[in-house]
Amino acid sequence: VEPRAKRRGTTKGSFYWHFADRAALIDAALAIWEREHTDAVIELAARASEGGSAGEQLRALLQQVISRQFSDRIELGLLSSTSDPRVRSALQRVTARRVDHVATLYEGMGMSSRAAHERSVIAISVYLGHLQLRHIDSATLPTNQRAWASHLDLIMDVLTGEEPAP
């Protein structure tokens with residue numbers, strides 16, 4: 001706590017005025033991340049596609065999360081910190097929330113519950129893979145607006161293709 005307070009130009013006492021301990025700070029930071037990187041993104045995508053079909057809502061959501069990955073370094077840091085039970089728990093909650101939300105969109109597109117869940121897991125995996133690629137080797141991803149639009153079309157085609165027979 002002391003080095004962090006010093007870097008912020010404040011005192012340990014000020015820190016303890018706001019947080020009981022380091023664990024409380026971590027819990028507060030994780031709660032903010034969860035709200036801003038999941039709940040707020042879902043709401044923003046819903047507003048962007050208000051009145052649209054489930055497919056249009058899915059596309060709006062994909063546009064939101066893919067555009068955010070240009071500046072998002074937090075999620076990769078959290079993914080590399082799963083040895084901390086608080087971080088792992090937050091990531092599990094967020095992943096479940098994301099999978100459930102995307103599965104609901106797939107169900108709205110007419111997919112069975114099972115297929116919707118499976119596609120949702122794949123869609124979340126695509127997001128995480130893009131996030132990782134963006135930070136490892138961004139040259140593997142499109143570099144201009146038109147190429148991104150085409151890339152997003154391809155992602156949507158792959159993620160919304162015909163449901164396989166049972």
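Right above here is the structure, for reference.
Owing to the predicted nature of the structure, the values given are computational and were not obtained by experimental measurement. (Residues numbered from 1 in each chain as written. Predicted model: local features only at pLDDT ≥ 70, side-chain atom pairs only at ≥ 80, totals over all residues. Heavy atoms only, no water.)

(A) Region of interest: helix H3 (residues 22-48). Look at H3: 38 Å from first C-alpha to last across 27 residues, which is about the 39 Å you get at 1.5 Å a residue. The principal kink in H3, of about 35°, is found at Ala40. Looking at H3, one finds that the buried residues are Ile26, Leu30, Trp33, Glu34, His37, Thr38, Val41, Ile42 and Ala45. Packing partners of the buried residues in H3 comprise helix H4 (54-68), helix H5 (74-79) and helix H6 (85-108). (Helix = DSSP H or I, 4+ residues; strand = E, 2+ residues; numbered from the N terminus. Expected span 1.5 Å × (residues − 1). Bend = angle between axes of the 7 residues up to and from the residue. Buried < 20%, exposed > 50% of the residue type's maximum accessible area, 1.4 Å probe, protein only. Contact = heavy atoms within 4.5 Å.)

(B) How the structure looks around the packing of H4 against H6. Here H4 crosses H6 at 150°, and the two axes come no closer than 8 Å. The hand of the H4/H6 crossing is left-handed. Contacts between H4 and H6 involve Ala54, Gln57, Leu58 and Leu61 from the former and His101, Val102, Leu105, Tyr106 and Gly108 from the latter. Of the residues contributing to the contact of H4 with H6, the split by class is six nonpolar, three polar and no charged. (Axes fitted to C-alpha atoms, helices over the stretch in contact; angles between N-to-C directions. Left-handed = near helix turned anticlockwise from the far one by under 90°. Nonpolar A, V, L, I, M, F, W, Y, C, P; charged D, E, K, R; others polar.)

(C) Structural context of the environment of Tyr106. Of note, Tyr106 is situated in helix H6. On the basis of relative accessible area, Tyr106 is assigned to the buried category, the value being 0%. Separated by 48 residues in sequence, Tyr106 and Leu58 have C-alpha atoms that sit 8.0 Å apart. The contact partners of Tyr106, leaving out residues within four places of it in the chain, are Leu58, Met111, Ala116, Arg119, Ser120, Ala123, Leu159 and Thr160.

(D) Focus on empty space enclosed by the protein. Under the counting rule described, the total for this entry stands at one cavity of 30 Å³ or more. Of the voids in this model, the largest cavity is the one considered here, and its volume is about 170 Å³. Lining of the largest cavity is provided by 14 residues; of these, Leu61, Val65, Arg98, Val102 and Ile124 occupy positions nearest its centre. Secondary-structure elements contributing two or more residues to the lining of the largest cavity are H3, H4, H6 and helix H7 (113-136). (1 Å grid on protein atoms, 1.4 Å probe; cavity = no way out; pocket = protein on both sides within 12 Å on 5 of 7 lines; lining within 4 Å. Points joined across faces, edges and corners; volume = space filled by probe spheres on them.)

(E) Quick peek at helix H8 (residues 145-159). In this model H8 runs 21 Å from its N-terminal to its C-terminal C-alpha over 15 residues, within 8% of the 21 Å that 1.5 Å per residue would give. Every buried residue belonging to H8 is among Trp148, Leu152, Ile155, Met156 and Leu159, and all of these are buried. Along the axis of H8, the buried positions cluster into a sector of 95°, meaning they face one direction only. In H8, the exposed residues that point more than 90 degrees away from the buried face are Arg146, Asp157 and Val158. Residues of H8 that are buried in the fold lie against H4, H6 and H7. One side-chain oxygen at the N-terminal end of H8 lies 3.1 Å from the backbone nitrogen of Arg146; it belongs to Asn144. (Arc of directions from axis to C-beta. Polar contact = N/O pair within 3.5 Å; in protein donor to acceptor, adjacent residues only side chain to side chain.)

(F) Broad picture of the environment of Leu133. Here Leu133 shows up in helix H7. A relative accessible area of 35% places Leu133 in the partly exposed class.

(G) Representation of the environment of His135. Relative to the helices and strands, His135 resides in helix H7. Since its relative accessible area comes to 23%, His135 is described here as partly exposed. For the pair His135 and Arg114, spaced 21 residues apart in sequence, the C-alpha to C-alpha distance is 32 Å.

(H) Main features of the layout of surface pockets. If you add up the space inside the second largest pocket, you get close to 210 Å³. For the second largest pocket, the lining is made up of ten residues, of which Gln63, Ile66, Gln145, Trp148 and Leu152 are closest to its centre. Every element with two or more residues in the lining of the second largest pocket is listed here: H4 and H8. At five residues, the largest contribution of residues to the lining of the second largest pocket is made by H4.

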